[in-house]
Amino acid sequence: MYTKTTRQIKITVSPAYLADQSNPPERHYVWAYTIQLENYGKETVQLLNRYWHITDANGGVQEVRGAGVVGEQPVLTPGNIYQYTSGAALKTASGIMAGNYEMTTSEGERFLIEIPAFSLDSPDQVRRPN
């Protein structure tokens, strides 16, 4: 698990390789990741937008921007938790994802919260000694 807290919003990420949806001979590797947001603050916030920076093992980069997550723009009241699962596909057996969420308070103040960088690992990745 990977965890990061920004402005009293804690994000926890749990990635998992999906062997049943991957096809290594075709260079198709798939992961699911579950993200949990916990509002430890005193103000109600809403997730407006997402940004992902995805880097594969060859250094190839994909950037993803969009409204909300999985079709929702969740509102987190103080003490509230929101969780969702999504996925990513790469042409290499490993990679790294990182990004941020644009949030807003009920008063309209916008701010970014960081999604911790997390690794996408598969049993097919090449292991190199240090």
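Refer to the structure presented above.
In short, a report on the structure. Note that residues are indexed from 1 along each chain, following the sequence as it is written. Owing to the predicted nature of the model, reporting of local features is limited to residues with pLDDT of at least 70; listing and counting of side-chain atom pairs is limited to 80 or more, with chain, interface and lining totals taken over all residues. The basis for every side-chain value is the complete set of non-hydrogen atoms in the structure, without hydrogens or water.

**Observations regarding the overall build of the chain**
Condition: Per the convention used, a helix needs a DSSP run of H or I reaching at least four residues, while a strand needs a run of E reaching at least two, with both numbered from the N terminus. Accessibility here uses a 1.4 Å probe with only protein chains present; expressed as a share of the type maximum, an area under 20% marks a residue as buried, one over 50% as exposed, and anything in between as partly exposed. Only heavy atoms matter for contacts: two residues are in contact if any of them lie within 4.5 Å across the pair. Here the positive residues are Lys and Arg and the negative ones are Asp and Glu; neither His nor the chain ends is included. For the purpose of locating charges, the reference atoms are NZ of Lys, CZ of Arg, CG of Asp and CD of Glu.
For the chain, the helix and strand inventory stands at 0 helices and 9 strands. The helix and strand sequence of the chain, counted from the amino end, reads β-β-β-β-β-β-β-β-β. Seen through its C-alpha atoms, the chain measures out along the principal axes to roughly 50 × 30 × 25 Å. With 130 residues in all, the chain has 38% of them scored as buried. Considering only contacts within the chain whose residues lie at least 6 apart along the sequence, 63% involve residues at least 24 apart. The centroid of the 11 positive side-chain charges in the chain is displaced by 4 Å from the centroid of its 13 negative side-chain charges.

**Quick word on the pairing of strand S8 (residues 94–105)**
Working note: regular strand, side chains alternate between the two faces of the sheet. As a reminder of what qualifies: Strands are labelled as partners when DSSP assigns at least two bridges between them.
The pairing of strand S4 (residues 45–56) with S8 spans 11 bridges and is classified as antiparallel. Within S8, the residue paired with Leu 47 across the bridge is Met 103. As paired elements, S8 and strand S9 (residues 110–121) share 10 bridges and run antiparallel to each other. The residue bridging Tyr 101 from the neighbouring strand is Ile 113, located in S9. Linking S8 to S9, which pair antiparallel, is a turn of 4 residues; within it Gly 108 sits at a positive phi near 95°.

**Regarding the nonpolar core**
The condition that has to hold: The set of buried Ala, Val, Leu, Ile, Met, Phe, Trp, Tyr and Cys residues whose side-chain atoms join them within 4.5 Å is what this entry labels a nonpolar core.
Of all hydrophobic cores here, the largest spans 28 residues; its most connected members are Tyr 33, Ile 35, Leu 37, Trp 52, Tyr 84 and Tyr 101. Taken together, the elements giving at least two residues each to this core come down to strand S2 (9–17), strand S3 (29–39), S4, strand S7 (81–90), S8 and S9. The contacts of Leu 37, once residues within four sequence positions are left out, are Ile 9, Lys 10, Ile 11, Leu 47, Leu 76, Asn 80, Ile 81, Tyr 82, Tyr 84, Tyr 101 and Ile 113.

**Some remarks on the side chain of Thr 92**
Let me state the cut-off plainly: Counted as a polar contact is a pair of N or O atoms within 3.5 Å, where, for protein atoms, one must be capable of donating a hydrogen and the other of accepting one, and residues adjacent in sequence contribute only when both atoms are in side chains.
Its location among the elements puts Thr 92 in the loop between S7 and S8. Within the structure, the side chain of Thr 92 is placed 3.0 Å from the backbone nitrogen of Ala 57, a separation counted as a polar contact. Apart from the residues within four sequence positions on either side, Thr 92 is in contact with Tyr 29, Trp 31, Asp 56, Ala 57 and Asn 58.

**A look at the side chain of Thr 104**
Along the chain, the position of Thr 104 falls in strand S8. Accessibility expressed as a relative area gives 10% for Thr 104, which makes it buried. Sequence-distant contacts of Thr 104, that is, excluding residues within four places in its chain, are made with Thr 44, Val 45, Gln 46, Leu 48, Glu 109, Arg 110 and Phe 111.

**Some details on the pattern of salt bridges**
Going by this rule: Salt bridges are defined by distance alone: a side-chain nitrogen of Lys or Arg within 4 Å of a carboxyl oxygen of Asp or Glu.
Scanning the entire structure with this criterion turns up 4 salt bridges. The residue Glu 109 makes a salt bridge to Arg 7 at a minimum N-O spacing of 2.9 Å. Here Glu 109, found in the loop between S8 and S9, pairs with Arg 7, found in the loop between strand S1 (2–6) and S2; they are 102 residues apart in sequence, far enough to count as distant. In this structure Glu 109 comes out as partly exposed when scored by relative accessible area, which is 40%. Here Arg 110 makes a salt bridge to Glu 102, at a shortest N to O gap of 3.1 Å. Here the salt bridges share partners, and the residues they tie into one network are Arg 7, Glu 43 and Glu 109.

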